[in-house]
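Here's the letter readout for the chains.
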Amino acid sequence: MSSRLQFETRAGKPIVIGKNRIIPFYQSVGVNMPQINGGVVWNRPVSVLAVNADGEESVIPVIDVTRRLQIAIFGSGLCILVLTWLLSKIMHKERR
Amino acid sequence: MPNEGKSKVNLESQDISQGVENIHNSIDNFVDSGGVEAVYGKPIKSGDVTIIPTAEVFCGIGFGLGMGMGTFRPDADDEVETLESEDKQESGPPSEGAGMGGGGGGYTFSRPVALVISSPDGVRVEPILDRTKLIIATLTTVGFMVGMMGRMMRGSR
């Protein structure tokens with residue numbers, strides 16, 4: 001039952017726009033499952049390397065705000081739930 | 001006659017290997033479709049500003065193949081008993097048969113993440129906020145919390 005997991009960051013072809021040159025980078029996670037003749041691939045943008053006319057290089061990260069907020073909402077909900085459970089336990093003990 | 005059967009089986013195994021090769025090529029093409037061209041879209045020009053849309057891409061694929069073959073021998077003992085006398089005289093050499101089939105499916109999902117904006121001032125990245133996803137996440141979390149708190153309150157009584 002060996003599944004092949006690939007995890008790598010790749011660079012795309014440079015895009016020249018006017019005097020700027022942009023090199024895109026993306027992260028690829030692939031799972032190849034030969035046992036079931038199939039697999040999945042998940043690609044997401046990571047950052048872009050921007051080179052301006054003067055030759056100055058700057059790495060600009062591509063932040064997935066929606067995903068971060070989703071995780072924050074689920075995380076805060078879970079934290080509130082755990083805190084409420086702990087408080088109810090403490091209050092239940094004090095009543096006794 | 002047995003050689004004919006062997007060649008038939010060889011031809012069928014060749015067909016299967018060719019079919020598997022075609023499927024592997026299709027998988028490669030499918031996986032490539034979720035590559036950098038899909039993550040970073042084609043640049044869109046509007047005056048001095050050029051916008052490159054970026055997206056998260058998820059691809060899944062699976063397929064299955066199956067084959068079977070069999071030989072029918074009319075002169076076999078168990079077959080002879082069931083056949084009538086006329087059929088016995090007409091019974092010839094064993095006949096062979098084989099069949100194969102396969103199927104597969106795939107799924108691709110993409111979601112916009114950000115825009116890479118190139119202007120004379122420089123290059124910047126503007127994130128895309130998917131409000132629908134955030135509303136769904138909030139409602140799901142609130143629903144789960146209300147449900148769990150209700151269970152906790154009932155348990156404490």
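Residues numbered from 1 in each chain as written. Chains lettered and ligands numbered in written order. Predicted model: local features only at pLDDT ≥ 70, side-chain atom pairs only at ≥ 80, totals over all residues.

Undergrad: Describe in detail the overall build of chain B, supporting the description with residues and values.
TA: Each helix and strand counted, chain B has five helices and four strands in total. Secondary structure elements of chain B, listed N to C terminal, follow the sequence α-α-β-β-α-α-β-β-α. Here chain B holds 157 residues, and 9% of them are scored as buried. When contacts within chain B are restricted to residue pairs at least 6 apart in sequence, those whose partners lie at least 24 apart make up 67%. (Helix = DSSP H or I, 4+ residues; strand = E, 2+ residues; numbered from the N terminus. Buried ≥ 20, exposed ≤ 12 C-beta atoms within 10 Å, placed from the backbone. Contact = placed C-beta atoms within 7 Å.)

Undergrad: Lay out helix 1 (residues 65-95) of chain A with the relevant residues and their values.
TA: If you check helix 1 of chain A, its first and last C-alpha atoms are 44 Å apart, about what 31 residues at 1.5 Å a residue would give, namely 45 Å. Within helix 1 of chain A, only one of the 31 residues are buried, leaving the element largely exposed. (Expected span 1.5 Å × (residues − 1).)

Undergrad: Give a description of the pairing of strand 2 (residues 49-72) of chain B that names residues and reports values.
TA: Two elements, strand 4 (residues 38-51) of chain A and strand 2 of chain B, share six bridges in a ladder whose sense is antiparallel. Paired with A:Gly39 across the strands is B:Ile61, a residue of strand 2 of chain B. Looking at chain direction, strand 1 (residues 44-46) of chain B and strand 2 of chain B are connected through three bridges and run antiparallel. Residue pairing across strands places B:Lys45 opposite B:Thr50, the latter belonging to strand 2 of chain B. Hairpin remark: strand 1 of chain B followed by strand 2 of chain B, antiparallel, with two residues in the connecting loop; positive phi at B:Gly47, about 70 degrees. With 23 bridges connecting them, strand 2 of chain B and strand 3 (residues 95-119) of chain B associate as antiparallel partners. Along strand 3 of chain B, the bridge assignment pairs B:Ala55 with B:Pro112. (Pairing = 2+ DSSP bridges.)

Undergrad: So what about the interface of chain A and chain B? Which residues, and what values?
TA: In many analyses, interface size is given as the accessible surface area lost on bringing the parts together. On the side of chain B, 41 residues touch chain A, which itself brings 38 residues to the contact. Broken down by secondary-structure element, the contributors of at least two residues to the side of chain A that touches chain B are strand 2 (15-17), strand 3 (20-33), strand 4 and helix 1 of chain A. In terms of residue count, helix 1 of chain A provides more of the side of chain A that touches chain B than any other element does, 13 residues in total. Along the lines of polarity and charge, the residues of the side of chain A that touches chain B split into 22 nonpolar, 13 polar and three charged. (Nonpolar A, V, L, I, M, F, W, Y, C, P; charged D, E, K, R; others polar.)

By themselves, these figures tell us nothing about what the structure is for.
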